[in-house]
Amino acid sequence: MKIEWQTILNECAEKIQEKVRPLFRKRETRSLGVGAGGDEIKRIDLAAEKALMDVLNKHGISYTLISEESGIKKIGNCPEQFYITVDPLDGSTNANRGIPFIATSIAVSRKPELSSVELALVSDLYHKITYLAEQGKGAFRNKIAIIPSKFTGLMDAVIGVDLHTYRATETAAKLTSLVREIKHLRHLGANALELCYVADGTVDAFVDIRGKLRVTDMAAAYLILKEAGAIITTMEGKALNAQLDPTQKVSFVASGNPTLHKKILSLLK
Ligand code: IPD
Ligand code: CA
């Protein structure tokens, strides 16, 4: 039986959106424990994950779930045929506060490895914008092909820089040279979506060198970036790869074009 993955992933995004919307801006403080990725789980995170699994299970798919919340779960008789790596709700703090920048991120692969991701969806749950990419077939935003920015000037580039952590001092020190050269620094609070903004040229680059971002949060955006023609590497400029596991963390620089990428990397050394 051929699985219509794109249709199923879109259905997942719609279901998640339906379940997340009533919990948006609820400022819930109650924690339901700690998720596999190490963060506290809120009702909204679980609602998103349940909606996703309900859709996959309705279609009778056997798969291994790799989720920020529940960790690794094997579903059905043949769970090693597909690995579905998800951050059901990226931007939990935004959702809780009512900041309209939240996403769901779903990546499908046949091996539990970042470079093996074959199909990816990141959906902006507030604005109904969906990014989709399939290996070798390009990347799309609401079905329209996307390309990254050709902008190379550091001074006027819009660059996302993630400094979200309790003790930013160590990361901040590594970013000083870059921050000195740029004017439009951003961090919007949902990295999957911010990486898609690099893929479609909304922003010129995104830098997360904290070593804190879970691979579950960026596995889908990784393929979307690559298929759009953007660049994502380690801060040393090496190819980025990682095991798909909820505890695995990554650091990276993503840019719209090689010239800008080189300029950013040289300022991180
Ligand atoms: C978070 C967001 C945020 C990043 C954090 C992530 P979550 O994801 O992507 O932008 O700075 O490191 O944990 O927890 O809302 O899924
Ligand atoms: Ca999350």
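No experiment lies behind these values; they were computed from the predicted model shown.

### Structural notes on the pairing of strand β1 (residues 63-67)
Then comes step 1: The buried fraction of β1 is high, at 5 of 5 residues.
Then comes step 2: Neither face of β1 is left uncovered, since the one carrying Y63, L65 and S67 and the one carrying T64 and I66 both have all their residues buried.
Then comes step 3: As paired strands, β1 and strand β2 (residues 71-75) are joined by 5 bridges and run antiparallel to one another. By the bridge assignment for β2, T64 is matched with K74.
Then comes step 4: Here β1 folds back onto β2, and the loop between the two strands holds 3 residues.
Then comes step 5: With 4 bridges joining them, β1 and strand β3 (residues 83-90) adopt parallel strand pairing. Across the sheet, the residue bridging to S67 is V86, located in β3.

### Focus on the packing of aromatic side chains
Then comes step 1: Tallying each qualifying case throughout the model produces 4 aromatic pairs.
Then comes step 2: Geometrically, the ring pair formed by F24 and Y126 is tilted, given 5.1 Å between the ring centres and 40 degrees between the ring planes. Taken together, the residues span a long stretch of sequence, with F24 in the loop between α1 (5-20) and α2 (43-58) and Y126 in the loop between β5 (117-124) and β6 (129-134) at a distance of 102 residues.
Then comes step 3: Note on F24: relative accessible area 13%, which makes it buried.
Then comes step 4: Between F101 and Y197, the ring centres sit 5.5 Å apart and the planes meet at 80 degrees, which makes this aromatic pair edge-to-face. Note that F101 is positioned in the loop between α3 (92-97) and β4 (103-109) and Y197 in helix α5 (residues 191-199), a separation of 96 residues in sequence.
Then comes step 5: Here R21 stacks its cationic end above the ring of Y126, 5.4 Å away from the centre of that ring.

### Let's talk about the domain arrangement of the protein chain
Then comes step 1: According to the domain assignment, the protein chain consists of domain 1 (5-145) and domain 2 (158-268).
Then comes step 2: A straight line from the C-alpha centre of domain 1 to that of domain 2 covers 20 Å.
Then comes step 3: Contacts between the two partners involve 43 residues from domain 1 and, on the opposite side, 32 residues from domain 2.
Then comes step 4: Together domain 1 and domain 2 conceal approximately 2900 Å² of surface at their shared face, both sides included; 66% is due to carbon and sulfur atoms.
Then comes step 5: Looking at the side of domain 1 facing domain 2, the largest losses of area belong to F101, L114 and Y131, adding up to 28% of the total buried there.

### A closer look at the pattern of salt bridges
Then comes step 1: Summed over all chains, the structure comprises 14 salt bridges.
Then comes step 2: Taking the shortest distance from any N to any O, the salt bridge between E118 and R110 comes out at 3.1 Å.
Then comes step 3: Note that E134 and K137 form a salt bridge whose closest N and O atoms lie 3.6 Å from each other.
Then comes step 4: Given a relative accessible area of 26%, E134 falls into the partly exposed group.

### So, α1
Then comes step 1: Between the first and last C-alpha of α1 there are 22 Å, a value that for 16 residues agrees with the 22 Å anticipated at 1.5 Å per step.
Then comes step 2: Turning to α1, its buried residues are W5, I8, L9, C12, A13, I16, Q17 and V20.
Then comes step 3: On the buried face of α1, the contacting elements are α2, β3, β4 and β5.

Reading the values: the criteria
- Residues numbered from 1 in each chain as written.
- Chains lettered and ligands numbered in written order.
- Predicted model: local features only at pLDDT ≥ 70, side-chain atom pairs only at ≥ 80, totals over all residues.
- Heavy atoms only, no water.
- Buried < 20%, exposed > 50% of the residue type's maximum accessible area, 1.4 Å probe, protein only.
- Helix = DSSP H or I, 4+ residues; strand = E, 2+ residues; numbered from the N terminus.
- Pairing = 2+ DSSP bridges.
- Phe/Tyr/Trp six-rings, centres within 6.5 Å; stacked < 30°, edge-to-face > 60°.
- Lys NZ or Arg CZ within 6 Å of the ring centre and 35° of its normal.
- Domains from an automatic or database assignment.
- Contact = heavy atoms within 4.5 Å.
- Buried area = accessible area lost by both parts, 1.4 Å probe.
- Salt bridge = Lys/Arg side-chain N within 4 Å of Asp/Glu carboxyl O.
- Expected span 1.5 Å × (residues − 1).

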